[in-house]
Amino acid sequence: MEKNEEYIVDIIDNGYDGEGIAKIDNFTVFIPGAIKGETVKILIVKVTTSYAFGKIQEIIKEADSRVMNIDCDTYKRCGGCNLRHIKYNETLKIKKEIVQNLVDKNLKTKIEVKNTIGMENPYHYRNKAQYPVGLNKNGEPIIGVFANRTHNVIESNECKIQNEESEKIAKYICEFAKKNKISVYDEKTGKGLLRHIVIKVGEKTNEIMCILVINEKSILCEKQLVKELIANFPNIKTIVKNVNTQNTNVILGKENIIIYGSGYIYDKLGDYTFKISPLSFYQINPTQTEKLYNIALEKAELTGKEILLDLYCGIGTIGIFMAKKVKQVYGIEIVEDAICDAEENCKLNGITNAKYYAGDTEKLLEKLVEKEKIEPDVIVVDPPRKGLDKTTVQNIKKLKPKKIIYISCNPATLVRDLSYLEEIYEVKEIQPVDMFPFTSHIECITVIHLK
Ligand SMILES: C[S@@+](CC[C@H](N)C(=O)[O-])C[C@H]1O[C@@H](n2cnc3c(N)ncnc32)[C@H](O)[C@@H]1O
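The rules behind the values
- Residues numbered from 1 in each chain as written.
- Predicted model: local features only at pLDDT ≥ 70, side-chain atom pairs only at ≥ 80, totals over all residues.
- Heavy atoms only, no water.
- Buried < 20%, exposed > 50% of the residue type's maximum accessible area, 1.4 Å probe, protein only.
- Helix = DSSP H or I, 4+ residues; strand = E, 2+ residues; numbered from the N terminus.
- Pairing = 2+ DSSP bridges.
- Near = heavy atom within 4 Å.
- Polar contact = N/O pair within 3.5 Å; in protein donor to acceptor, adjacent residues only side chain to side chain.
- Areas by Shrake-Rupley, 256 points an atom, 1.4 Å probe, with all protein chains shown as cover.
- Axes fitted to C-alpha atoms, helices over the stretch in contact; angles between N-to-C directions.
- Contact = heavy atoms within 4.5 Å.
- Salt bridge = Lys/Arg side-chain N within 4 Å of Asp/Glu carboxyl O.
- Core = buried A, V, L, I, M, F, W, Y, C linked by side-chain atoms within 4.5 Å.

## What to know about the pairing of strand 23 (residues 443-450)
Then, in step 1: Of all eight residues in strand 23, seven are buried; the element is thus mostly enclosed.
Then, in step 2: One ladder, built from three bridges, connects strand 21 (residues 425-427) with strand 23; its direction is antiparallel. The residue bridging Val-427 from the neighbouring strand is Ile-448, located in strand 23.
Then, in step 3: Bridging between strand 22 (residues 431-433) and strand 23 involves three bridges; their strand directions are antiparallel. Paired with Gln-431 across the two strands is Ile-445, which belongs to strand 23.

See the structure below:
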């Protein structure tokens, strides 16, 4: 197969990023934007030794699930919502199938993955927006999204997954920057001030945090900006400057300077209130998070006597959700600010049986259980995308809790880790919950039992 050749192919499956998959003489071709069941004419755009990429030239036979009038102008270039061309209910089926395929290939236990729990209204669900600031053709500041696989900013207009007020605020700041000639950061030269505008929203409380990510410590006309923002957007409860002078893809730097309010906001999940700081992790879709945590609670069948370890606990949300149903919670989290929030969140919610520790789970877990003589009955793990490291898997196997509640934002690493654990744990079911509608990201929860 060679670049620039044309083929007509049947799409036999959808891949992890939602792309269509075809076989040409048994050679795999990935075709972004194609859907299982379709026949498409493609142009080969890249060939490697083991697979190729094709670009759709023409859709010859359309899938019933194809959306004809896509409600976003920039979705193709942005790449964020890489399933926006597929009807929502079908995206839920695709997500289930992806997890099922991974399970079938990698686990000894044959289990049926449950149907993905979707959203009634899968729009504007994100409570955190991170807009890169760039320049348009006229050299004026714009906010938007990075074009797929690049750092060119595409101006965003009515993003369908972001909170609507976030976008208005970010645009206001951008307009302010234009009027007041505030410079925009340029990755190539490392010069210019404004890098990102990050907005966090408490969905239940309507409290908003504005974070201005800047390349030095001060902003021209800062007081005026604060005055205008709070006058125009009364839900803004705090404004923070975040200093990031590094040449890096990481959006937030370590230093925060509060220029309005307390530096944090609150939100509610179920009956609990949570304090959220600029640097701490908070699930981006609170509606689905509540569903996820309720499944965790239901499946964990807690009796009130358990010692529970909450690994990768963030601001303590899940442990606090479970605290009243167990004897004691211990949480570990790498971000110190998040641990401070977790401790305060306990006080806010009248939880007295939870203790939190800042550190890397890989290094801290063993030391902590030894020092505090912890014998956990239940371990909750909610790791980042890379999943559990080998040391943590070994430590968990040594601790042998009766149940492990595994919450995962990456089914590939979830299934990999389950395959390490299934020797001594019984995996009964995996429940995908759609935290990230119209994107190919998949959140899953499973509760596994010591055999
Ligand atoms: C997917 S979030 C889950 C947070 C929390 N359980 C929740 O539901 O909001 C993963 C968390 O793991 C933390 N983290 C990442 N690597 C870690 C590590 N090696 N040790 C401890 N925590 C880590 C991150 O800071 C983040 O708060």
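## Considerations on the site of the ligand
Then, in step 1: Close to the ligand lie 16 residues; Gln-283, Tyr-293, Glu-333, Asp-360 and Thr-361 are nearest.
Then, in step 2: A distance of 2.9 Å is found between a nitrogen atom of the ligand and a backbone nitrogen or oxygen belonging to Thr-361.
Then, in step 3: Relative to its free-state accessible area of 600 Å², the ligand is covered by the protein chains to the extent of 89%.

## Thoughts on the sheet that holds strand 13 (residues 255-260)
Then, in step 1: Pairing is mixed in the open sheet, where seven strands are placed in the order 9-8-7-10-11-12-13. Edge positions in the open sheet fall to strand 9 (153-155) and strand 13, since each of these has one partner strand only. The mean inter-strand angle of the sheet, taken between neighbouring strand axes irrespective of direction, is 35°.
Then, in step 2: Bridging between strand 7 (residues 128-135) and strand 10 (residues 194-201) involves five bridges; their strand directions are antiparallel. Residue pairing for strand 10: Gln-130 is matched across the bridge by Val-198.
Then, in step 3: The strands touched by helix 4 (residues 222-232) within the sheet are strand 11 (208-214), strand 12 (236-243) and strand 13, with strand 12 carrying the most contacts at an inclination of about 150°.

## Focus on the pattern of salt bridges
Then, in step 1: Taken as a whole and judged by the stated rule, the model has 22 salt bridges.
Then, in step 2: Across the salt bridge formed by Glu-372 and Lys-371, the nearest N and O atoms sit 3.9 Å from each other.
Then, in step 3: Between Lys-397 and Glu-423 there is a salt bridge, with its nearest N and O atoms 3.5 Å apart. Linking Lys-397 in helix 9 (residues 390-399) with Glu-423 in the loop between helix 10 (411-421) and strand 21, this pair joins segments that are 26 residues apart in sequence.

## A look at the nonpolar core
Then, in step 1: The biggest cluster of nonpolar side chains holds 53 residues, and the ones touching the most others in it are Met-322, Tyr-356, Ile-405 and Ile-445.
Then, in step 2: For this core, the element with the most residues is helix 5 (residues 286-300), which contributes six residues.
Then, in step 3: In contact with Ile-405, not counting residues within four places along its chain, are Ala-296, Ala-300, Met-322, Val-378, Ile-379, Val-380, Val-381, Ile-445, Thr-446 and Val-447.

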